[in-house]
Protein chains: 2
Amino acid sequence: MITLAVDCMGGDHGPSVTFPACRQFLSTHPDARLLLVGLPEVLATWQAHERAEMVPCSEVVTMDDPVEVALRRKKDSSMRVAIQQVKDGKAQVAVSAGNTGALMAVSRYLLKTMDGIDRPAIATQLPNDRGGATTVLDLGANVDCLPEHLLQFAVMGSALVSALDAKNVEPSVGLLNIGEEAIKGSEVIKRTGELLRKAGDSQAIRFIGNVEGNDIFKGGVDIVVCDGFVGNVALKASEGVAAMIVGGLKNEFKRNIFTKFAAIMAYPVLKALMKRMDHRRYNGAALLGLRGLVFKSHGSADQSGYEHALNRAYDAARNNLLDRVQGRVAQAAPVLDAAGTSSSGTGAA
Amino acid sequence: MITLAVDCMGGDHGPSVTFPACRQFLSTHPDARLLLVGLPEVLATWQAHERAEMVPCSEVVTMDDPVEVALRRKKDSSMRVAIQQVKDGKAQVAVSAGNTGALMAVSRYLLKTMDGIDRPAIATQLPNDRGGATTVLDLGANVDCLPEHLLQFAVMGSALVSALDAKNVEPSVGLLNIGEEAIKGSEVIKRTGELLRKAGDSQAIRFIGNVEGNDIFKGGVDIVVCDGFVGNVALKASEGVAAMIVGGLKNEFKRNIFTKFAAIMAYPVLKALMKRMDHRRYNGAALLGLRGLVFKSHGSADQSGYEHALNRAYDAARNNLLDRVQGRVAQAAPVLDAAGTSSSGTGAA
């Protein structure tokens, strides 16, 4: 039995999305249990289910709340209580669509960072041209990264991909850069390249070299490592282009009676494409490097999107992602230590 | 009369693209002259035109040549000779589709950096959802930027946009960040935000605050300022998504006889969309901050794309972009000096 703690209040839509997604998830996962965390009056609207338990709380972290408020003032928030379930061993994984900064800060405060890791990272999947997905990290948790942090991301990303895809035991890692040549990039990126090459030589990861922004969507690499600033910009720029193209397509099809007819003819084709590109299918980012599993859903996710985040969290717990990350970090300890990693502990601990 | 020096050898296709583009350009610009720089055997294939003059050279910088080779060894390359025409006052602007690193290095070496500017930047336009274009800089010339460099980019970008769009005298400037709040971002970005706010207060630029990756394509801001690493990743990630969507659309339409029929019906609509999104329309990036005008075409540009780069270079020269950038930098001198700008000279020089 896998138990997920769900922050039912988080996200732009709260329980109007999380409740139906949870019910659907329960029906497709007979070996899953849910701890539904929310305000009592909201929980009262949930129709009882034998594998769902209520955990009342008295506060909600809003999308605009500064990190400090989430951390110091709202100590009985749905977000925090959900993560507390993981800390207390009552759930294997927590899921929230709440604000990213707050979620990371509260998770880090309650669960603490794993030995050998300085900074937790956020990893997500993006669809690629080969019909698969590319895992990108970090996506906004860390804006000023040192080379050793990026090396830690590479090790954790490798553990994530091999945990969620049993066929991919040694996923490939690329370093996001502005050219494929090793001499390109900023000082931090050049030094990171050296560390990743060494890690590749000692088989801690399978490093394939530099990749560029478009490689995320080409699909020639399993994991793309970058700092949170660059990752966040790349992700949002990509969303912006996709929205512009889809919006443009809709406008062109609406132009006149002929184009509207064309739209009807083309509808099945467009629908198939949209399904393949559907970002909801890739919803559910992993917070890696903590002593407990936390998954983040996009704040604007609809029911289908939130369900995917629950599925991913479930898969991660079922495949012992936590142990795998810890194991992989321990295995990479010589490389991480040599790179000058966290003083809080060695990977071998 | 506006004279452009054209590196006819540069780019993936060389004269097979540059020659037809130049001929077409001459026919649509009766007050333009071209200096065609190339190997003698290539120039021999050009059919004479009264407003085109040949400038023979003996070497070509390849797309793979390291910067050092372009700079120190190939001193009679088509790229270098074209830029030399600008330096010698024989042409107002040089255009090349050659390798970006080499073009920037040779331009900087020959033309020198403008007073008040530490680092030249590369600025390009990207299409946005409002049917206009957003100017983004830097796009790869500078990977490790200080806040004062980003301030200089903001000032130069403002001069570029107001020079090329007479109706937009005070274009808006946004700072690329990972959230709209002023407290977000890396240390460099936070300090840049402070500098840009001060520059906005003193009306050196019209600063509207932080913007995110998707804002490039939304169209709510005229100029997006970022360091070259982030700009390059954002640009390439965007190209990657666009290529994936267009490729996916083509595949879906090719699937079977019904979808092929749908494609025929939808063809005019798709064509209209592709035209609007056509990256060739936005080809032609400006190298800003030099004591002479240089424009860069995408290496893979076809005839239509290259023509756009020639058009943009022509427009820039016709609208005195060089004087305007110099004027704007001089006007912003108090702000630039206060920020701790170039030691090579003050903006007021």
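Residues numbered from 1 in each chain as written. Chains lettered and ligands numbered in written order. Predicted model: local features only at pLDDT ≥ 70, side-chain atom pairs only at ≥ 80, totals over all residues. Heavy atoms only, no water.

As annotated in an unreviewed UniProt entry, chain A carries the name Phosphate acyltransferase and is attributed to Comamonas jiangduensis. Turning to chain A, the UniProt annotation filed under Subunit (unreviewed entry) states: "Homodimer. Probably interacts with PlsY." (UniProt positions renumbered as here; feature names shortened; annotations may be inferred.)

**Student:** Where do I start with the relation of the copies chain A and chain B in this structure?
**Tutor:** One copy of the chain maps onto the second through a rotation about an axis and a displacement along it. If you rotate chain A by 180 degrees and push it 0.0 Å along the axis, it lands on chain B with an RMSD of 0.0 Å. Look at the turn and shift together and you get a two-fold axis relating the two. Both copies share a contact surface, since 100% of the interface residues of chain A are interface residues in chain B too. (Least-squares fit on C-alpha atoms with pLDDT ≥ 70 in both. Contact = heavy atoms within 4.5 Å.)

**Student:** Could you clarify how one ought to interpret the nonpolar core in this entry?
**Tutor:** As a rule of thumb, nonpolar side chains are buried together in soluble globular proteins. Formed by 244 residues in total, the largest nonpolar core has its most connected members in Leu-4 of chain A together with Leu-4 of chain B. Not counting the four nearest positions on each side in its chain, Leu-4 of chain B is found in contact with Phe-25, Arg-33, Leu-34, Leu-35, Ala-91, Val-93, Val-95, Leu-310, Ala-313 and Tyr-314 of chain B. (Core = buried A, V, L, I, M, F, W, Y, C linked by side-chain atoms within 4.5 Å. Buried < 20%, exposed > 50% of the residue type's maximum accessible area, 1.4 Å probe, protein only.)

**Student:** Please clarify how the domain arrangement of chain A should be interpreted in this entry.
**Tutor:** It is common to give the size of an interface as the accessible area lost on bringing the parts into contact. Residues and elements named next belong to chain A. For chain A, the domain assignment lists domain 1 (2–116 + 287–320) and domain 2 (117–286 + 321–340). Put simply, the middle of domain 1 and the middle of domain 2, counted by C-alpha atoms, are 24 Å apart. Contacts between the two partners involve 31 residues from domain 1 and, on the opposite side, 31 residues from domain 2. Buried surface at the junction of domain 1 and domain 2, both sides included, amounts to about 2,600 Å², of which 60% is carbon and sulfur. Area buried by domain 1 at its contact with domain 2 is led by Met-114, Leu-288 and Arg-312, which between them contribute 30% of it. At the boundary of domain 1 with domain 2, the tally comes to zero salt bridges. At the surface where domain 1 touches domain 2, the tally comes to 17 residue pairs in polar contact (both at pLDDT 80 or more). When contributions to the side of domain 1 that touches domain 2 are tallied by element, the ones reaching two or more residues are α5 (100–111), β10 (285–288), β11 (293–296) and α11 (303–318). Sort the elements by how many residues they give to the side of domain 1 that touches domain 2 and α11 lands first, with eight residues. Class assignment for the residues of the side of domain 1 that touches domain 2 results in twelve nonpolar, twelve polar and seven charged. (Domains from an automatic or database assignment. Buried area = accessible area lost by both parts, 1.4 Å probe. Salt bridge = Lys/Arg side-chain N within 4 Å of Asp/Glu carboxyl O. Polar contact = N/O pair within 3.5 Å; in protein donor to acceptor, adjacent residues only side chain to side chain. Helix = DSSP H or I, 4+ residues; strand = E, 2+ residues; numbered from the N terminus. Nonpolar A, V, L, I, M, F, W, Y, C, P; charged D, E, K, R; others polar.)

**Student:** Sorry, what's going on with the confidence of the model for chain A here?
**Tutor:** Any residue range with low pLDDT should be treated as having predicted coordinates unsuitable for detailed reading. Confidence in the prediction for chain A averages 90 pLDDT; 96% of positions are at 70 or higher. Segment residues 343–349 of chain A is flagged for pLDDT under 50; beyond a separation of four residues in sequence, or across chains, it makes 16 contacts in the model. (pLDDT = per-residue confidence, 0-100.)

**Student:** Just to check I follow, could you spell out helix α10 (residues 257–277) of chain B for this structure?
**Tutor:** Structural remark: α-helix, 3.6 residues per turn; residues separated by three or four positions point the same way. Between the first and last C-alpha of α10 of chain B there are 28 Å, a value that for 21 residues agrees with the 30 Å anticipated at 1.5 Å per step. The sharpest bend along α10 of chain B comes to roughly 60 degrees, located at Ala-266 of chain B, with the proline Pro-268 of chain B sitting one to four residues further on. Tucked into the core, α10 of chain B has its buried residues touching α9 (228–254) and α10 (257–277) of chain A together with β5 (121–127) and α9 (228–254) of chain B. (Expected span 1.5 Å × (residues − 1). Bend = angle between axes of the 7 residues up to and from the residue.)

**Student:** Would you take a moment to explain the environment of Leu-288 of chain A for this structure?
**Tutor:** All names here are of chain A. Here Leu-288 lies in strand β10. Separated by 135 residues in sequence, Leu-288 and Phe-153 have C-alpha atoms that sit 8.4 Å apart. Ignoring sequence-local partners within four residues, the contact set of Leu-288 consists of Pro-120, Ala-121, Ala-123, Leu-137, Met-156, Gly-157, Leu-160, Leu-321 and Val-325.

**Student:** Just to check I follow, could you spell out the sheet that holds β11 of chain A for this structure?
**Tutor:** Residues and elements named next belong to chain A. Spatially, eleven strands are ordered β3-β2-β1-β4-β11-β10-β5-β6-β9-β7-β8 in an open sheet, and the strand pairing comes out mixed. Since the sheet does not close on itself, it has two edges, and those belong to β3 (52–56) and β8 (206–211), each with one partner. When strand polarity is set aside, the average angle formed by the axes of neighbouring strands in this sheet is 25 degrees. The pairing of strand β7 (residues 172–176) with β8 spans five bridges and is classified as parallel. When the sheet's bridge partners are listed, Ser-172 is paired in β8 with Arg-206. Across the face of the sheet, helix α1 (residues 15–28) comes into contact with β1 (2–7), β2 (32–38) and β3 while running at roughly 165 degrees to β2. Helix α7 (residues 187–201) rests against β7 and β8 of the sheet, and its axis sits at about 170 degrees to β7. (Pairing = 2+ DSSP bridges. Axes fitted to C-alpha atoms, helices over the stretch in contact; angles between N-to-C directions.)

**Student:** What is the right way to read the pattern of salt bridges from this model?
**Tutor:** It is possible for side chains bearing opposite charge to pair when their charged atoms get close. Residue and element names in this part refer to chain B. Summed over the entire model, instances satisfying the criterion amount to 16 salt bridges over all chains. With its nearest N and O atoms 2.8 Å apart, the salt bridge here joins Arg-318 to Asp-31. In this pair, Arg-318 is assigned in helix α11 (residues 303–318) and Asp-31 in the loop between α1 (15–28) and β2 (32–38), connecting sequence segments 287 residues apart. The partner of Lys-190 in a salt bridge is Glu-187, and the shortest N-O contact between them spans 3.5 Å. Here the residue Lys-190 and the residue Glu-187 both occupy positions in helix α7 (residues 187–201), the gap between them amounting to three residues, near one helical turn. On the basis of relative accessibility, which here comes to 46%, the residue Glu-187 falls in the partly exposed class.

**Student:** Sorry if this is basic, but what is going on with unusual backbone geometry here?
**Tutor:** Backbone torsion omega between Leu-137 of chain A and Asp-138 of chain A reads 5 degrees, so that peptide bond is classified as cis. Here Asp-138 of chain A lies in the loop between β6 (133–137) and α6 (147–164). For Gln-203 of chain B, which is not a glycine, the phi torsion comes out positive at approximately 60 degrees. Looking at where Gln-203 of chain B falls in the secondary structure, it is placed in the loop between α7 and β8 (206–211). For Gln-203 of chain B, a relative accessible area of 63% puts it in the exposed group.

**Student:** Any chance you could explain the interface of chain A and chain B here in plain terms?
**Tutor:** With 46 residues of chain A in contact, the opposing surface of chain B contributes 46 residues. The contact between chain A and chain B buries some 4,200 Å² in all, and 80% of this surface belongs to carbon and sulfur atoms. The largest per-residue losses of area from chain A upon contact with chain B belong to Ile-178, Phe-229 and Met-244 of chain A, which jointly make up 16% of the total buried on that side. Where chain A touches chain B, the interface holds two salt bridges. For the salt bridge of Lys-236 of chain A with Glu-212 of chain B, the shortest nitrogen-to-oxygen distance reads 2.1 Å. Counting across the interface, chain A meets chain B through six residue pairs in polar contact (both at pLDDT 80 or more). Broken down by element, the residue count for the side of chain A that touches chain B peaks at 18 residues, all from α9 of chain A. A breakdown of the residues in the side of chain A that touches chain B according to their chemical character gives 26 nonpolar, 13 polar and seven charged.

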